[in-house]
Amino acid sequence: MEIHRQKCQFCNSKRLKNVLVRNPGDPDKVYVQCHNCKELVASYVIAPLGYYHHGKGYESFLRGVHRSGDFLSGRNINRLYEERKTEEMAQFQKVLEHLNKKEEDE
Ligand SMILES: [Zn+2]
């Protein structure tokens, strides 16, 4: 696993701001802005169903599914949501462990 803590390439700050942009018909896009020098750091496009908003619950997940154009049965979506929540939390825990280890080594 390769883990990178994103930082500003202009001023080295790790204080970054994510700006989520939704345009009907376009995939969701995130702009990363440096909180310190206000420069654009990066932008990326989110794949359909690629966005998981933790703590926002099933309704939020459902809206994401509908935006992506996938219409599954209610039961399937509920299972998908539970699996996604479990998976994201487990993966994020792993990421944090790697990141903590890496930052200790630095
Ligand atoms: Zn900066």
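1. Notes on the domain arrangement of the protein
Here is step 1: Split by domain assignment, the protein resolves into domain 1 (1-46) and domain 2 (49-106).
Here is step 2: Each of domain 1 and domain 2 was reduced to a C-alpha centroid, and the two centroids are 19 Å apart.
Here is step 3: Each partner contributes residues to the interface: domain 1 has five residues there, and domain 2 has six residues.

2. Some words on unusual backbone geometry
Here is step 1: A positive phi angle is found at asparagine 12, which is not glycine, with a value near 75 degrees.
Here is step 2: For asparagine 12, the position within the fold is in the segment before strand S1 (16-21).
Here is step 3: By C-beta crowding, asparagine 12 is classed as exposed, having 10 other C-beta atoms within 10 Å.
Here is step 4: Positive phi is not limited to glycine here, since leucine 49 has a value of about 65 degrees.
Here is step 5: The topology assignment puts leucine 49 in the loop between strand S3 (40-45) and helix H1 (57-67).
Here is step 6: Accessibility expressed as a C-beta count within 10 Å gives 15 for leucine 49, which makes it partly exposed.

Criteria and cut-off values
Residues numbered from 1 in each chain as written. Predicted model: local features only at pLDDT ≥ 70, side-chain atom pairs only at ≥ 80, totals over all residues. Domains from an automatic or database assignment. Contact = placed C-beta atoms within 7 Å. Helix = DSSP H or I, 4+ residues; strand = E, 2+ residues; numbered from the N terminus. Buried ≥ 20, exposed ≤ 12 C-beta atoms within 10 Å, placed from the backbone.

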